[in-house]
Amino acid sequence: MKLPEKIRKDFSVLRQKVNNKPLIYLDNGASSLTPDCVIAAMDSYYKEYRSNVHRGLHSLSEKATIEYEKARQKVISFINAEEPEVIWTKGTTESINLLAYTFSKKLVKGDEILLTEMEHHSNLVPWQQVCKHCKIQYIKVTPEGYLDLNDFKKKLNKKTKIVSLTLMSNVLGTINDVKMITEEAHKVNALVIVDGAQGIPHLPIDVKVLDCDFLAFSGHKMLGPTGIGVLYGKKKHLQSLDPFLYGGDMISEVQFSHSFWNDLPWKFEAGTPQIAEAIGFGRAIEYLQSIGMKNIQEYEEEITKYALEKLQKIKGLKIQGPKDSKNRGSVFSFTIEGIHPHDLATILDREGIAVRAGNMCAMPLVTEVLKVGSVCRASFYCYNTFEEVDALVKALQKAQEIFHGR
Amino acid sequence: MEDELYRENILEHYKHPRNFGTLDPCTIHHKENNPICGDAIELFLIIEKNKVKEVKFSGQGCAISMASASLLTEKIKGMSIEEIKKFNQKDILAMLGISLDTLRIKCALLSLKTLNRSLELWKN
């Protein structure tokens, strides 16, 4: 029995028709679906112990605090971090903004930040805007869709203070060798930040093995709710950084003239947090662990191989990114000659198939490196089936018939 | 194969857009983008005696945005500025002969947005 057969029943959202066709959800790179158990976990917070955390000296608040912190423990064990190293944020974007803002105060003129050409806007715009006094370099992407490691070695130097890169490209699907990059970066004392938004939902990850200094990811791309994400950071770095947002909960003592900060991780969590969302995210992680990240990775490798084979048989279709199913995620950005990606997305939607079209929030990569205006992207997850790959292929052929005739 | 959205006339204008190109010199030219999808349309207008004497457009985009630009430029050639200013969303959809959901309506209206902005710039 293949993985989707075991788990599809857990997703009520999959049991629906879109435009009179059974829903085929292939927009997981943008946001994944949520299993019923995650929704139930959030429901029980609202129905049974709705209250604030870390504040009230009453039973409901105590229960909420316990569940909220339990969810954090689940994240800690999921990535093999230590107790105070996991901070709740709104998502990957906020996690990276937190780092860009706090590091901008520490970096001086002449310091360099090394990014890659395949970054999502969330790991590009914050650095570009906040660290204007620093030089930003971009590691090139090869025509095959991999990072150009010679270019990396050329651009990494003693002035490099931060290397920030994606674990998996949301356009190309490329999985980067973050462990090797971290080793090299540490040789010149640069810190490594990993954007795990696309990678963490699909791969088993151990931060102690990766040895990266920071890791950011989002709940909504890994079966959790929207509005919750994580910033992992090594304790020594988090201790040395200033808070990002100020307000309640992040302080230990406030006087009219000055304040003292709370302990980690709460130093970085100002205001009432996303309590239901954190609890939901914790439940999603539990669910992923019950399937097993290794099983998810193996299944997705199989479906990637199948999809690459099938898609490449379509005349005029060009896949952007690696054509080898190894070290590549199940996200496929493509163009079809003579049909604009938007028109493709509309035609697929009529067949009940949800995909994304556009620049995928990676405009420099799409327009300046791949040199296409936009792409159409089908991105898979553990509940997608081989039959859905076939349906995608069939719908793309239908689009060709509409535009080019039989 | 006939599709209610991708009708023959839309596909025809997409594949063979009318007035595609640039004008140099021209009275005014202006470019607008649709940041969600990356569609871009640049309009070139020669205005004489308060009338559009010549019009061209360039850019890239989906069938809906390209066909709408092609049809719109055909329509406004020779028209007075006052007449053009009366154009609205309904006219564009009537011209295309389709109804559109909110997601794609921006594609259909990009050419009109570019035209209106061009005329505002020209007036100023």
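Just so we're clear, the structure is a prediction, and the values are computed from it rather than from any experiment.

Asker: Teacher, can you tell me more about the interface of chain B and chain A here?
Answerer: Bring the parts together and some accessible area is lost; that lost area is often taken as the interface size. Contacts between the two partners involve 19 residues from chain B and, on the opposite side, 19 residues from chain A. Both faces considered, chain B and chain A share a buried interface measuring about 1500 Å² in area, 53% of it formed by carbon and sulfur atoms. The interface formed by chain B and chain A contains one salt bridge. Across the salt bridge formed by Asp-343 of chain A and Arg-104 of chain B, the nearest N and O atoms sit 3.0 Å from each other. Where chain B packs against chain A, one counts eight residue pairs in polar contact (both at pLDDT 80 or more). Secondary-structure elements contributing two or more residues to the side of chain B that touches chain A are helix H1 (8-15), helix H2 (63-76) and helix H5 (102-123) of chain B. No other element matches the three residues that H1 of chain B contributes to the side of chain B that touches chain A. The class makeup of the residues in the side of chain B that touches chain A is twelve nonpolar, two polar and five charged.

Asker: Looking at this structure, I do not really get the pairing of strand S17 (residues 375-379) of chain A. What am I missing?
Answerer: Regular strands show a simple pattern: their side chains alternate between the two faces of the sheet. All names here are of chain A. With five of five residues buried, S17 is to be regarded as a mostly interior element. Burial along S17 is two-sided: the face carrying Val-375, Arg-377 and Ser-379 and the face carrying Cys-376 and Ala-378 are both buried. Of the strand pairs in this sheet, strand S14 (residues 331-336) and S17 are connected by four bridges, and their pairing is antiparallel. When the sheet's bridge partners are listed, Phe-334 is paired in S17 with Cys-376. Across three bridges, strand S16 (residues 356-358) lies against S17 in antiparallel orientation. Bridge pairing in S17 links Gly-358 to Val-375.

Asker: I'm lost on the packing of H1 of chain B against H2 of chain B in this one. Help?
Answerer: Describing two packed helices takes the angle between their axes plus the distance from one axis to the other. All names here are of chain B. At their nearest, the axes of H1 and H2 sit 8 Å apart, and the two run at 85° to each other. With respect to H2, the element H1 is oriented roughly perpendicular. In contact with Ile-10, His-13 and Tyr-14 of H1, H2 contributes Ala-63, Ile-64, Met-66, Ala-67, Ser-70, Leu-71 and Glu-74. Split by residue class, the contact of H1 with H2 holds seven nonpolar, two polar and one charged.

Asker: Explanation requested: the pattern of salt bridges in the structure shown.
Answerer: Side chains that differ in sign of charge can pair as their charged atoms come close. Per the counting criterion, the structure on display carries 29 salt bridges over all chains. Glu-74 of chain B is the salt-bridge partner of Arg-18 of chain B, the closest N and O atoms lying 3.7 Å from each other. Here the residue Arg-18 of chain B occupies a position in the loop between H1 and strand S1 (28-34), and Glu-74 of chain B occupies one in helix H2, the gap between them amounting to 56 residues. Because the salt bridges share partners, they merge into one network encompassing Lys-21, Glu-351 and Lys-398 of chain A.

Asker: Explanation requested: the domain arrangement of chain A in the structure shown.
Answerer: Residues and elements named next belong to chain A. Its domain assignment divides chain A into domain 1 (3-28 + 293-404) and domain 2 (39-290). Distance from the C-alpha centre of domain 1 to the C-alpha centre of domain 2: 28 Å. The interface is formed by 31 residues belonging to domain 1 together with 29 residues belonging to domain 2. Buried area between domain 1 and domain 2, both sides added, is near 2500 Å², and the carbon and sulfur share of it is 62%.

Asker: Teacher, can you tell me more about the packing of helix H14 (residues 386-404) of chain A against H1 of chain B here?
Answerer: Between H14 of chain A and H1 of chain B, the least distance of the axes is 10 Å, while the angle of their chain directions is 80°. As far as their axial angle goes, H1 of chain B and H14 of chain A are roughly perpendicular. On H1 of chain B, the residues that touch Ile-402, Phe-403 and His-404 of chain A of H14 of chain A are Leu-11, Tyr-14 and Lys-15 of chain B.

Asker: Hey, could you run me through the pairing of strand S2 (residues 39-48) of chain B in this one?
Answerer: Residues and elements named next belong to chain B. Of all ten residues that make up S2, eight are buried, and the element is covered over most of its length. Where S1 and S2 come together, seven bridges link them in antiparallel fashion. What sits directly across from His-29, in S2, is Phe-44. Where S2 meets strand S3 (residues 51-60), nine bridges bridge the pair, whose relative direction is antiparallel. Note on S3: the bridge partner recorded for Phe-44 is Lys-56. Here S2 hands over to S3 after two residues, with Lys-49 in that stretch at a positive phi of 50°.

Asker: What is the right way to read H2 of chain B from this model?
Answerer: Spacing of three or four residues puts side chains on the same side of an α-helix, whose turn is 3.6 residues. Residue and element names in this part refer to chain B. When the terminal C-alpha atoms of H2 are compared, their 20 Å separation across 14 residues agrees well with the 20 Å that a helix rising 1.5 Å per residue should span. Counted residue by residue, H2 has twelve buried out of 14 residues, so it is predominantly covered. The complete set of buried residues in H2 reads Ala-63, Ile-64, Ser-65, Met-66, Ala-67, Ser-68, Ala-69, Ser-70, Leu-71, Leu-72, Thr-73 and Ile-76. Trailing H2 by a residue or two, Gly-78 shows a phi angle of about 90°, which is positive.

Asker: Honestly, unusual backbone geometry in this entry has me stumped. Any pointers?
Answerer: The general pattern is negative phi for most residues beyond glycine and trans for most peptide bonds. Residue Leu-264 of chain A is joined to Pro-265 of chain A through a cis peptide bond whose omega torsion reads -5°. Looking at the element boundaries, Pro-265 of chain A is found in the loop between strand S12 (259-261) and helix H10 (275-291). In this model, Asp-24 of chain B is joined to Pro-25 of chain B through a cis peptide bond whose omega is 5°. Position of Pro-25 of chain B among the secondary structure elements: in the loop between H1 and S1. Of note in this structure, Asn-20 of chain A is not a glycine but carries a positive phi near 65°.

Calculation rules
- Chains are numbered independently. Their residues run from 1 in the order of the written sequence.
- As a convention, the first chain written is A and the first ligand written is 1, with the rest following in written order.
- pLDDT decides what is reported in this predicted model: residues at 70 or higher carry local features, side-chain atom pairs at 80 or more are listed and counted, and totals for whole chains, interfaces and linings draw on all residues regardless.
- Side-chain metrics rest on all non-hydrogen atoms present in the structure, leaving aside hydrogens and water.
- Residue contacts are defined here by distance: any two heavy atoms, one from each residue, within 4.5 Å place the two residues in contact.
- Values labelled buried area give the accessible surface lost by two parts on being combined, using a 1.4 Å probe and summing over both.
- The term salt bridge refers to a pairing of a side-chain nitrogen on Lys or Arg with a carboxyl oxygen on Asp or Glu at a separation within 4 Å.
- Pairing of N or O atoms within 3.5 Å defines a polar contact, subject to two protein rules: one partner must be a possible hydrogen donor and the other a possible acceptor, and residues neighboring in sequence count only if both atoms are side-chain atoms.
- Per the convention used, a helix needs a DSSP run of H or I reaching at least four residues, while a strand needs a run of E reaching at least two, with both numbered from the N terminus.
- In this classification, the charged set is Asp, Glu, Lys and Arg, the nonpolar set is Ala, Val, Leu, Ile, Met, Phe, Trp, Tyr, Cys and Pro, and all remaining amino acids, among them Gly, are polar.
- Note on classification: 1.4 Å probe, protein chains only; a residue is buried when its accessible area is under 20% of the maximum for its type, exposed when over 50%, partly exposed between these limits.
- At least two bridges found by DSSP between two strands are what make those strands a pair.
- An axis is simply a line fitted to the C-alpha atoms; with a helix, the fit covers only the stretch in contact. Between two such axes, the angle follows the N-to-C directions and lies from 0 to 180 degrees.
- Here is the rule for angles: anything less than 35 degrees is roughly parallel, anything more than 145 is roughly antiparallel, 65 through 115 is roughly perpendicular, and the remaining ranges are oblique.
- The source of the domain bounds is an automatic or database domain assignment.
- Expected helix span is computed as 1.5 Å times (number of residues minus one).

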